[in-house]
Every structure is written in structure tokens, then in C-alpha cells.
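Here are the chains, one letter per residue:
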Amino acid sequence: MNVTVIGTGYVGLVTGACLAHFGLDVTCADLDAGKIQKLRQGLIPIYEPGLEEVVSRNVQAGRLRFTEDVAAAIPDAEVVFLAVGTPPLPDGSADMRYVFGAVQTISEGHRRYQVIVTKSTVPVGTGAKIEALMAERHPRDSFSVVSNPEFLREGSAVADFMRPERIVVGCDDPKALEIMRRLYKPQTDQSIQMLTTNRVTAELIKYASNAFLAVKISFINEVSRLCEEVGADVMDVARGMGMDSRIGPRFLHPGPGYGGSCFPKDTRALLDVARARKVGLRVVDAAVAANEDQIQRALNKIQKAFGIIAGARVALLGLAFKSDTDDIRESPAMKIAGALLDAGAVVRAFDPAAAENAAAVLPALAFAKDPYDAAAGSDGVVVATEWNEFKRLDLQRLKASLKTPLIVDLRNLYDPREIREAGFTYVSVGRP
Ligand code: NAD
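Residues numbered from 1 in each chain as written. Predicted model: local features only at pLDDT ≥ 70, side-chain atom pairs only at ≥ 80, totals over all residues. Heavy atoms only, no water.

It is worth spelling out the overall build of the chain at this point. Secondary structure summary: the chain contains 17 helices and 14 strands in total. Seen through its principal axes, the chain has C-alpha atoms that stretch 70 × 50 × 40 Å. In the chain, which comprises 432 residues, the proportion classed as buried is 56%. Pairs at least 24 apart in sequence give 73% of the contacts found in the chain among residues at least 6 apart. Total accessible area computed for the chain in this model is approximately 19,000 Å², and 52% of it derives from carbon and sulfur atoms. (Helix = DSSP H or I, 4+ residues; strand = E, 2+ residues; numbered from the N terminus. Buried < 20%, exposed > 50% of the residue type's maximum accessible area, 1.4 Å probe, protein only. Contact = heavy atoms within 4.5 Å. Areas by Shrake-Rupley, 256 points an atom, 1.4 Å probe, with all protein chains shown as cover.)

Structure (C-alpha cells):
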């Protein structure tokens, strides 16, 4: 089966490489010629564990190729995936120009029956709009538009794509559904469940899932605030809640608020969709507001711990929005870095993967080669991303590097007793 994936970012590249791994003939197309050039040289433009190997193996096997000529990749494809970005506009709605731009290209190159599959996260009703756009130039029976939202997580994207917890296919056309079943047969043969729904339902499943996870995070973040007031330990509260199988332990980790390229934008876009239909989503609304408060609370914690920020030397551990990625979009760590710089602090940061992306956005940041180098001569450490390698620092070495033994741990990575016994002043989230 010939497949074209339009958009070769975190989702498109993983989708293309993994579909090739499952034996399909895949062309990954992107307008960003620099990205395509890198990929042709065997370089992976993003940090994603395990991706390089899948890409190189499938390129060598002749099943995966890259092109910046998006139009040329359309005519022969039986299935075209849309995996372009849908970033937020200032009013919170999704910016659909990349999706509709790509649909325009598909429409121009359309020659044979084709399934157009939306993998990008798009507002409810987008499938119908794509269908209408295609129908302006082509008979309705010459294409089908399917919603196949993606649930992969950056940092474990390859494994998530190969063995997802579910595959959601929203499709109103039996012929297209048959093709989607063939496409995902390697996964469904391994007992991975495929949920088939109508198209608009699939579109909503994605937004509803991300909004629910955002609610869970905001919920535990709010509970952490109460813990600080009453002297409870939020980690134990979360553990106790999570033992209830109706609740489950995941996404109950307090921190500086959720970030990344999905939760902030998808919650706001869902609210925008609901607003347009005059439906109130008060729970989601509150989760968004609580998240905005949480980053402010993180900044207040830092301010209180450091005293005066102007002139303070801060060692910042982590810049990515979470561990195991170089993605800094809507990263709480980046917001903290920016606010500290604005307030006149000198910030020396270390992140195992995201330094290059961060430097492009915040050129005033200084970069260290490891956590100890970041701490050298600093007035304290702020831990902003939960990288595993930050969990096992040599505390005595860290203390020796610092001017003041202070750790503000916004990810609750450490055991408070151990850190205090090592002679640090320790501030964390929702713990006595
Ligand atoms: P990204 O920014 O990493 O990649 C998007 C790519 O699309 C870019 O390389 C861009 O150059 C390219 N592009 C834009 N317009 C194009 C066009 N007309 N033709 C060809 N290429 C074009 O974005 P991403 O993180 O991969 O996200 C893509 C979509 O998937 C978004 O809707 C996002 O919400 C959704 N999603 C992302 C994740 C994630 O973890 N990143 C997870 C699930 C779903």
C-alpha cells in the first residue's frame, strides 16, 4: 500500500517511519526543505528515543523516503495522512491554515481513489470541511475523509505508535474503513483494539481525552495547594487516590502545570468549539484557569525561596516541557526561565536534549554542560523538568558547586528528608 504522510514533525515522522516498519511504502513530505535535507542525510531533526533506528532501517529497506515536493507525493498515494501542525491562535482556536493548505495540495494532485486521513488534532467538524473542499473539484466517490487521531506521547512515541492502547478510526464510508483496517492489520493482529466510530465522534474523542488528562493534572495541582496549607503530603494523597482502580495512579503528579504542544492548545480549542455551539464546559474551563495559576504559584515559590530575583544566579535544571523530549512548546520550564530573566536573574540552564531549541527562543539564557556546571556559583537550583538523570544527582558535589545550598524542586523528584539531611534548604510541591 502506497502511503503519503504530509508533515514530518513529531507525529508525521513517527507515523511514517512506523507504517514503513509495518511493511507499507511510505513517502514523508514536508514543506520545510531543511528538515527534509537532514532526513535524507540520515539525521533526525527531533529528539525521540528509538526513532533514528526505525527511520534508518526502513530507508535502507527502500520503504521510506522523504521529499519537500509535497505535490509530487500525492497522485500515487492510496492513503494520505495529514500530520501538519494545528497551533493555537491568540483567541485559543486552532490555526487551521496548515491543514487546509495541505488539503489544497491534495486536491490539486488528486488522480485516483484516495483516503485522506486526519492525524493532526483538529476541531470537531474539520473532516466535513475537508470533504467539502475536496468536493469542489472532485466527485464525492473519488475520495473519503477519515479521522484517525493520534495519542502518541513524545518521549515514547515509537513504542506508543507500534503498540497503542487503542486505534480510533472515525469513518462514515465502508470502503475507506476496509482500507484503514488493512493499514492497521499488523497492530490489530497483535490484539490491539481498533475502535471505529463516525468521523465527528473520533474527532471529539481526541479533544475529550486530552481535556480529561489536563483536568486530572490540574486537579492534583489544586490538591497540592491545599496540602501545603494543611500539612498533608500530596504524593501520598495521589498514591492513595491512585490505588482506586476507578481513578488510577497516572497523571496525578503535581508540578508547575501542564505544558507541551497538546494539552494547552487542545483544551483551549475544545473550549472554542464548545463556545461556538453555546455549550458550557465548566470543568475544562476551570482546569485551564488552574493551570495558569499553577505556573504563577511556581514562580512565587522561586521568588520566596531566592528572596530578591534581580541579580540572583539561578541554576535551572530542565527546559523541555517534560522528560525525554527536546520539545519546548508551552514548556513551564521555559516560562520560568523567561520570567526569571525578565526579573533580572542570571539563569544558567541545563537540559539533556532541549538546549538548542531553548537557545533559539531565549538567547539570554546561559547553558551549562551538566547539572553541576549549572550549579557552579549559583544561589540555588530550580528543577523544572523531570528528567531521570536529575533524580540521582551527587548531592554533595552539587552542594559544593552552589553558593547557597537551595533546591526548589517543582517536580517532586527528591525525598525531602534525604535532601535536608544532605544540608539543603528544600522547597517542593504540596509536601510538608
Ligand atoms: P510539528 O510542528 O512537529 O510538525 C508539523 C510539520 O508540518 C512541520 O514540519 C511543518 O513544516 C509541516 N507542514 C506544515 N504545513 C505543511 C504543508 N502544507 N505541507 C507539508 N508539510 C507541512 O507538529 P507535531 O507535534 O508533529 O503535531 C502535528 C499534529 O499532531 C498537531 O495537530 C498536534 O496537535 C497533533 N498531535 C501531536 C502530538 C505530539 O505529541 N506532538 C501528539 C498527538 C497529536
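Adjacent strands of a sheet pair through backbone hydrogen bonds, lying either parallel or antiparallel. In space, the six strands of this open sheet follow the order 11-10-9-12-13-14, with parallel pairing throughout. A single partner strand is all that each edge strand has here, and the edge strands are strand 11 (366-367) and strand 14 (425-427). Summarising the sheet, strand 10 (residues 346-350) and strand 11 pair through two bridges and their orientation is parallel. In the sheet register, R348 faces strand 11, and the bridge partner there is A366. In this fold helix 12 (residues 282-306) packs onto strand 9 (313-317), strand 12 (380-383), strand 13 (406-409) and strand 14, with an angle of close to 170° to the strand it touches most, strand 13. Sitting on the sheet, helix 13 (residues 332-342) touches strand 9 and strand 10, and the angle it makes with strand 9 is about 170°. (Pairing = 2+ DSSP bridges. Axes fitted to C-alpha atoms, helices over the stretch in contact; angles between N-to-C directions.)

A few words now on the packing of helix 1 (residues 10-21) against helix 3 (residues 51-60). Where helix 1 contacts helix 3, the two axes come as close as 9 Å, and the packing angle between them is 50°. Accordingly, the angle class assigned to the pair helix 1 and helix 3 is oblique. Where helix 1 crosses over helix 3, the two elements pack in a sense that is left-handed. Residues L13, V14, A17, C18, A20 and H21 of helix 1 pack against L51, V54, V55, R57 and N58 of helix 3. For the contact of helix 1 with helix 3, a count of residues per class yields eight nonpolar, two polar and one charged. (Parallel < 35°, antiparallel > 145°, perpendicular 65-115°, else oblique. Left-handed = near helix turned anticlockwise from the far one by under 90°. Nonpolar A, V, L, I, M, F, W, Y, C, P; charged D, E, K, R; others polar.)

It is worth spelling out the packing of aromatic side chains at this point. According to the stated counting rule, one finds five aromatic pairs in the structure shown. Between F350 and F390 the ring centres are 6.1 Å apart and the planes differ by 65°, which places this aromatic pair in the edge-to-face class. Placement of the pair is F350 in strand 10 and F390 in the loop between strand 12 and helix 16 (395-401), with a sequence separation of 40 residues. Looking at F390, the relative accessible area reads 0%, which means it is buried. (Phe/Tyr/Trp six-rings, centres within 6.5 Å; stacked < 30°, edge-to-face > 60°.)

This part takes up the packing of helix 4 (residues 97-109) against helix 5 (residues 126-135). At a closest axis distance of 10 Å, the pairing of helix 4 and helix 5 adopts a crossing angle of 35°. With respect to the hand of their crossing, helix 4 and helix 5 are arranged in right-handed fashion. Taken together, the residues of helix 5 that come into contact with helix 4 (itself represented by V99, F100, V103, I106 and S107) are T126, K129, I130, L133 and M134. Of the residues in the contact of helix 4 with helix 5, the class split is seven nonpolar, two polar and one charged.

So, on to the domain arrangement of the chain. Splitting the chain by domain gives domain 1 (2-196) and domain 2 (198-432). Where domain 1 abuts domain 2, roughly 2,600 Å² becomes buried across the two surfaces, and 54% of that area is made up of carbon and sulfur atoms. Taken as a group, Y47, V124 and E154 account for 25% of the area that domain 1 buries against domain 2, more than any other trio of residues on that side. Inspection of the region where domain 1 meets domain 2 yields three salt bridges. The partner of R329 in a salt bridge is E154, and the shortest N-O contact between them spans 3.8 Å. At the junction of domain 1 and domain 2, the tally comes to 13 residue pairs in polar contact (both at pLDDT 80 or more). Going through the elements one at a time, helix 5, strand 6 (143-147) and strand 7 (167-170) are the ones with two or more residues in the side of domain 1 that touches domain 2. The element best represented in the side of domain 1 that touches domain 2 is helix 5, accounting for four residues. Partitioned by chemical class, the residues of the side of domain 1 that touches domain 2 number 20 nonpolar, 10 polar and eight charged. (Domains from an automatic or database assignment. Buried area = accessible area lost by both parts, 1.4 Å probe. Salt bridge = Lys/Arg side-chain N within 4 Å of Asp/Glu carboxyl O. Polar contact = N/O pair within 3.5 Å; in protein donor to acceptor, adjacent residues only side chain to side chain.)

A separate point is the site of the ligand. Taken together, 28 residues sit near the ligand, with D30, K35, T86, E154 and K265 positioned nearest. A distance of 2.6 Å separates an oxygen atom of the ligand from a polar atom in the side chain of K35. Between the ligand and the protein, one listed contact pairs an oxygen atom with a backbone N or O atom of T121 at 2.9 Å. Coverage of the ligand by the protein chains reaches 89% of its 830 Å² of free accessible surface. In terms of residue class, the shell around the ligand is made up of 12 nonpolar, eight polar and eight charged. A domain split of the shell around the ligand shows at least three residues from each of domain 1 (2-196) and domain 2 (198-432). (Near = heavy atom within 4 Å.)

Moving on to the side chain of D327. With respect to the helices and strands, D327 occurs in the loop between strand 9 and helix 13. A distance of 3.0 Å separates the side chain of D327 from the backbone nitrogen of R329, its partner in a polar contact.

A few words on unusual backbone geometry. Despite not being glycine, S191 shows a phi value in the positive range, around 65°. Topologically, S191 is positioned in the loop between helix 8 (185-188) and strand 8 (194-197). Residues other than glycine seldom take positive phi values, yet E330 does so here, at roughly 50°. By secondary structure assignment, the location of E330 is in the loop between strand 9 and helix 13. Assessed through its relative accessible area of 26%, E330 is described here as partly exposed.

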